[in-house]
Amino acid sequence: MADPSDSSAAALEKTPLHALHLELGARMVPFAGYSMPVQYPAGLMAEHRHTRQAAGLFDISHMGQLRLVGPDAAAAFESLMPVDVIGLAPGRQRYGLLLADDGGILDDLMFFNEGDDSLFVIVNGACKQADIAHITARIGARCEVRPLPDQALLALQGPQAADVLARLAPGIERLVFMTGGAVRIGGIAAFATRSGYTGEDGFEISVAAADAEALARLLLAQPEVAPIGLGARNSLRLEAGLCLYGSDIDASTTPVEAALGWAMQKVRRSGGAREGGFPGAARVLAQLKAADGAAGHLDHDTLRRKRVGLVALERVPVRDGSLLESFEGLPIGQVTSGLLGPSVDRPIAMGYVALAYAEPGTRLQAVVRGKPVPMEVCTLPFLPARYYRG
């Protein structure tokens with residue numbers, strides 16, 4: 001889950017940590033309407049490796065935060081997504097997909113059941129205004145939609161993140177992946193979930209904007225922690241096989257095409273207790289059936305393409321936008337994200353291919369600067385996730 005770059009001429013917003021980024025020597029770039037740090041003096045590769053080995057601190061305050069409140073909030077929110085909202089237990093978090101009426105993905109998001117008829121929701125920064133308007137228009141009469149513009153959001157990611165936070169907030173280490181709650185970190189009130197966007201163990205921390213800099217400085221004062229920019233965030237999430245909204249998924253892609261069917265619980269699928277009832281349900285459920293294949297035969301008419309992982313068989317980085325072809329030169333898809341993976345030490349990519357070419361082990365080629373680069377479809381993620389599940 002993430003956002004596309006937005007370099008429009010409009011004045012860029014600043015996060016509560018903007019001055020701290022400049023103090024730390026960050027190179028700032030336009031991103032989702034904000035001035036954001038792409039890297040610090042150590043550089044992208046060092047930041048990437050530090051996060052994999054120790055703990056990296058990310059400013060993700062450009063993301064949108066909101067709360068849905070009321071006895072009908074869960075059922076109302078479930079009507080907008082193909083996931084189980086009603087059955088999510090208090091204290092737990094889940095990945096969600098906000099769908100358009102044709103089943104296209106308006107945004108991907110995270111939501112948390114706070115108990116007492118309250119859901120805490122985090123959406124992508126570039127989508128947040130449209131998301132809030134869409135949610136309000138569709139379910140605003142069924143529950144209260146409360147945007148939280150005065151909240152900042154930080155992420156502490158890496159194998160030593162839990163040790164760092166346990167030192168400052170004893171007991172937080174007992175959280176497991178996709179759980180969370182209110183916490184005080186060094187005396188600063190915050191809300192933390194054990195989750196993130198890197199494939200590593202870690203935490204996402206919502207904190208009052210007025211307290212964000214104090215919390216960031218406290219975390220950066222810990223010997224394991226270094227500041228990490230958007231550049232390394234992108235390479236970390238790609239190695240983890242995670243989608244970037246606006247690149248790997250958007251309103252033109254459905255959850256099934258995007259290989260996100262795992263996010264649709266059985267209760268919302270065909271035959272489930274609350275089957276369908278979400279925007280684009282007929283199309284999405286038909287594609288799920290097509291992906292399963294009747295008698296082992298995939299339905300290529302209902303499901304024409306699928307997101308896959310790709311590794312280059314030569315040491316040539318394959319960037320987003322590169323065309324994908326069969327070895328006979330037939331166009332079969334396009335790369336949506338690609339780079340040289342710092343941890344896997346090879347060129348990796350994700351993209352959409354015709355269903356006939358989506359099976360792991362399939363060979364195809366990318367067109368890079370007019371020349372073919374042989375590639376192979378592989379399973380995702382490129383690097384095993386290290387989430388803490390207890």
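Reading guide: rules and limits
Residue positions within a chain follow its written sequence, with the count starting from 1. Local features in this predicted model are restricted to residues of pLDDT 70 or higher, and side-chain atom pairs are both shown and tallied only at a pLDDT of 80 or more, whereas totals for entire chains, interfaces and linings draw on every residue. Excluded from the side-chain calculation are hydrogens and water; included are all heavy atoms of the structure. With a 1 Å grid spanning the protein atoms alone, the term cavity applies to any set of points in which a 1.4 Å probe fits but cannot get out, the term pocket to an open set with protein on both sides within 12 Å along at least five of seven lines, and the term lining residue to any residue with an atom within 4 Å of a point. Grid points are joined across faces, edges and corners, and a volume is the space filled by probe spheres set on the points. What counts as a helix is a DSSP run of H or I of at least four residues, what counts as a strand is a run of E of at least two, and both are numbered from the N terminus. Classification used: nonpolar for Ala, Val, Leu, Ile, Met, Phe, Trp, Tyr, Cys and Pro, charged for Asp, Glu, Lys and Arg, polar for all others including Gly. Think of it in three bands: residues with accessible area under 20% of the maximum for their type are buried, residues over 50% are exposed, and the middle band is partly exposed, with areas taken using a 1.4 Å probe on protein chains only. Should any heavy atoms of two residues lie within 4.5 Å, those residues are considered in contact. Buried Ala, Val, Leu, Ile, Met, Phe, Trp, Tyr and Cys residues that are joined via side-chain atoms within 4.5 Å together make up what is termed a nonpolar core. Stacked, tilted and edge-to-face are the three classes assigned to paired rings of Phe, Tyr and Trp, where Trp is represented by its six-membered ring and a pair needs centres within 6.5 Å; plane angles under 30 degrees give stacked, over 60 edge-to-face, the rest tilted. Pairing between two strands is assigned when DSSP locates at least 2 bridges connecting them. Structural elements are reduced to axes, namely lines fitted to C-alpha atoms, with helices fitted over the stretch in contact, and the angle between N-to-C directions of any two is expressed from 0 to 180 degrees.

Draft legend 1. Fine view of empty space enclosed by the protein. This structure, assessed with the given rule, holds 2 cavities of 30 Å³ or more. Reported here for the largest cavity is a volume of approximately 60 Å³. Lining of the largest cavity is provided by Leu-17, Leu-20, His-21, Leu-24, Tyr-40, Leu-57, Phe-58, Asp-59, Ala-216, Leu-220 and Pro-227. At the level of secondary structure, the elements contributing two or more residues to the lining of the largest cavity comprise α1 (18-23), β4 (55-59) and α6 (209-220). The leading source of residues in the lining of the largest cavity is β4, at 3 residues. In terms of residue class, the lining of the largest cavity is built from 9 nonpolar, 1 polar and 1 charged. Taken together, the residues of the lining of the second largest cavity break down into 4 nonpolar, 3 polar and 2 charged.

Draft legend 2. Structural context of the environment of Leu-153. Note that Leu-153 resides in strand β10 (residues 151-157). On the accessibility criterion, Leu-153 (2% relative accessible area) is buried. Among all residues touching Leu-153, those that are not within four sequence positions of it are Phe-58, Asp-59, Ile-60, Ser-61, Met-63, Gln-65, Ile-122, Ile-205 and Ser-206.

Draft legend 3. Representation of unusual backbone geometry in the model. Geometrically, the link from Leu-380 to Pro-381 is a cis peptide bond, its omega value of 0° lying close to zero. Of note in the backbone geometry, Asp-116 takes a positive phi value of approximately 55° without being a glycine. Tracing the backbone shows Asp-116 in the loop between β7 (105-115) and β8 (118-123). Although it is not a glycine, Asp-345 adopts a positive phi angle of roughly 55°. If you trace the backbone, Asp-345 turns up in the loop between β17 (331-341) and β18 (346-354).

Draft legend 4. Geometry of the nonpolar core. Formed by 28 residues in total, the largest nonpolar core has its most connected members in Leu-156, Ile-185, Ile-205 and Leu-219. Put simply, the parts of the chain that give this core at least two residues each are β4, β10, α5 (161-168), β11 (180-185), β12 (188-193), β13 (202-208) and α6. Take this core: its biggest share by element is 5 residues, from α5. Setting aside residues up to four positions removed in sequence, Ile-205 forms contacts with Ala-152, Leu-153, Leu-154, Leu-165, Ile-185, Ala-190, Phe-191, Ala-192, Leu-215 and Leu-219. Formed by 25 residues, the second largest nonpolar core is a distinct cluster that contains Met-178, Tyr-245, Ala-281 and Leu-285.

Draft legend 5. How the structure looks around the packing of aromatic side chains. In this structure the tally under the stated criterion is 5 aromatic pairs. Measuring from centroid to centroid gives 4.9 Å for Phe-112 and Phe-191, while their planes differ by 80°, and the two rings are edge-to-face. Linking Phe-112 in strand β7 with Phe-191 in strand β12, this pair joins segments that are 79 residues apart in sequence. By relative accessible area, Phe-112 is classed as buried at 2%. Residue Phe-191 is classed as buried on the basis of its relative accessible area, which comes to 14%. Consider the rings of Phe-120 and Phe-191, whose centres lie 5.3 Å apart with planes at 75°: the pair is edge-to-face. Linking Phe-120 in strand β8 with Phe-191 in strand β12, this pair joins segments that are 71 residues apart in sequence. Residue Phe-120 shares its accessibility class with Phe-191, and that shared class is buried.

Draft legend 6. Focus on the pairing of strand β5 (residues 64-69). The element β5 is extensively covered by neighbouring structure, given that 5 of its 6 residues are classed as buried. Bridge count between β5 and β8: 6 bridges; the pairing is antiparallel. Each bridged residue has a counterpart across the sheet, and for Leu-68 the counterpart in β8 is Leu-119. As judged from the 4 bridges shared by β5 and strand β9 (residues 144-147), these two strands associate in the antiparallel manner. Bridge assignment links Leu-68 to a residue of β9, and that residue is Val-145.

Draft legend 7. Highlighting the sheet that holds strand β14 (residues 225-227). The strand order across the open sheet built from 6 strands is β11-β12-β13-β10-β4-β14, with neighbouring strands paired in mixed fashion. Edge positions in the sheet fall to β11 and β14, since each of these pairs with one other strand and no more. On average, adjacent strands in this sheet sit at an angle of 30° to one another, irrespective of strand direction. Across the sheet, helix α2 (residues 44-53) lies against β4, β10 and β14, angled at about 120° from β4, the strand it touches most. Sheet strands in contact with α6 are β4, β10, β11, β12, β13 and β14, and its direction is about 145° off that of β13.

Draft legend 8. Quick peek at the sheet that holds strand β2 (residues 27-31). Taken in spatial order, the 3 strands line up as β1-β3-β2 in an open sheet, and their pairing is mixed. One side of each edge strand has no neighbouring strand; the edge strands of this open sheet are β1 (13-14) and β2. The pairing of β1 with strand β3 (residues 34-39) spans 2 bridges and is parallel. Within β3, the position partnered with Lys-14 by the bridge is Ser-35.

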